[in-house]
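Structural description and commentary
Spelled out, the chains give:
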Amino acid sequence: MVLAVHTIVGAAIVNQIQIKWLGYLLAFLSHFLLDTIPHREYDIEGLAFGWKKKKFWNTAFKILLDSTIGFVFIIIFAKNRSNLPQMFIGGFCALLPDCLTLFFWLLKNQNFSKFLTGKIVSAVEELKDMNKTNWYRRFHQAFHLNNLNKRPPLIWGLMNQLIIFLTALFFL
């Protein structure tokens with residue numbers, strides 16, 4: 001699922017729940033629920049090329065743009081402006097599961113030092129290996145019912161996300 005959808009859903013949940021800590025927890029958990037819905041997502045393998053490579057920056061730009069779009073839509077469509085800070089936190093909470101995946105990947109096999117020196121890290125192989133060795137990666141991946149080999153047709157993968165996105169905008 002693209003990050004903007006996770007962000008909007010997390011913000012919508014926090015906006016509807018009066019007990020904020022519960023809203024933040026539900027926004028975090030919503031990420032896993034959304035990942036069970038068949039969807040399409042863009043490739044992030046460019047991150048494995050290290051910060052000195054153009055492929056890295058192209059991928060980093062996609063991720064930053066995707067995240068920013070979610071937060072901009074929160075600003076534009078929020079009906080209760082006084083609740084914006086809490087909705088931003090909810091949007092961030094919904095992104096945390098993917099942030100944790102990146103964090104665990106960076107910690108594995110000195111990937112962080114490889115990243116800093118601009119060396120190529122075999123992201124696909126490492127992520128496959130993490131599915132076997134890292135408890136969090138196994139947990140998170142278990143929610144992705146559509147793995148890389150069985151992705152839904154593009155139109156259905158995008159339509160599912162669009163419907164969720166538009167529904168969540170209604171609850172901002």
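Scroll up a little and you will see the structure.
Residues numbered from 1 in each chain as written. Predicted model: local features only at pLDDT ≥ 70, side-chain atom pairs only at ≥ 80, totals over all residues. Heavy atoms only, no water.

Digging into the overall build of the protein
Of regular secondary structure, the protein possesses 8 helices and 0 strands. Secondary structure elements of the protein, listed N to C terminal, follow the sequence α-α-α-α-α-α-α-α. For the protein, the residues scored as buried account for 40% of the 172 residues in total. At a minimum sequence separation of 6, the contacts of the protein that also span at least 24 residues come to 73%. Summed over all atoms, the accessible surface of the protein reaches about 10,000 Å², with 72% contributed by carbon and sulfur. (Helix = DSSP H or I, 4+ residues; strand = E, 2+ residues; numbered from the N terminus. Buried < 20%, exposed > 50% of the residue type's maximum accessible area, 1.4 Å probe, protein only. Contact = heavy atoms within 4.5 Å. Areas by Shrake-Rupley, 256 points an atom, 1.4 Å probe, with all protein chains shown as cover.)

Considering helix α1 (residues 3–16)
In a regular helix each residue adds 1.5 Å, so 14 residues correspond to 20 Å; α1 covers 20 Å between its end C-alpha atoms and thus fits that length. Those residues of α1 not exposed but buried are Leu3, Ala4, Val5, His6, Thr7, Ile8, Val9, Gly10, Ala11, Ala12, Val14 and Asn15. (Expected span 1.5 Å × (residues − 1).)

Focus on the environment of phenylalanine 71
By the secondary structure assignment, phenylalanine 71 is in helix α3 (residues 54–77). For the pair phenylalanine 71 and phenylalanine 88, spaced 17 residues apart in the sequence, the C-alpha separation amounts to 7.0 Å. Apart from residues no more than four positions distant in its own chain, phenylalanine 71 is found in contact with Thr7, Phe88, Gly91, Phe92 and Leu95.

Examining the packing of aromatic side chains
A complete count under the given rule lists 5 aromatic pairs for this structure. Note on phenylalanine 71 and phenylalanine 88: the rings are 5.3 Å apart at their centroids and 75° apart in plane angle, and the pair reads as edge-to-face. Taken together, the residues phenylalanine 71 in helix α3 and phenylalanine 88 in helix α4 (residues 84–107) connect sequence positions 17 residues apart. One aromatic cluster in this structure is built from Phe73, Phe77 and Phe165. Here the basic side chain of lysine 79 rests over the ring of phenylalanine 170, its NZ or CZ set 5.6 Å away from the ring centre. (Phe/Tyr/Trp six-rings, centres within 6.5 Å; stacked < 30°, edge-to-face > 60°. Lys NZ or Arg CZ within 6 Å of the ring centre and 35° of its normal.)

Quick notes on the side chain of serine 67
Here serine 67 shows up in helix α3. For serine 67, the contacting residues outside a window of four places in its chain are Leu3 and Leu95.

Details of the environment of arginine 81
Mapped onto the fold, arginine 81 is located in the loop between α3 and α4. Considered as a pair, arginine 81 and leucine 172 are 91 residues apart in the sequence and their alpha carbons are 9.8 Å apart. Excluding residues within four positions of it along the chain, arginine 81 makes contact with Ile75 and Ile76.

As for a nonpolar patch on the surface
On the surface, Ile155, Trp156, Met159, Leu162, Ile163 and Leu166 cluster together into a nonpolar patch covering about 620 Å² of accessible area. Among the structural elements, isoleucine 155 can be located in helix α8 (residues 154–170). On the basis of relative accessibility, which here comes to 55%, the residue isoleucine 155 falls in the exposed class. (Patch = residues over 30% accessible without salt bridge, like charges linked within 9 Å, V, L, I, M, F, W, Y side chains within 5 Å. Salt bridge = Lys/Arg side-chain N within 4 Å of Asp/Glu carboxyl O.)

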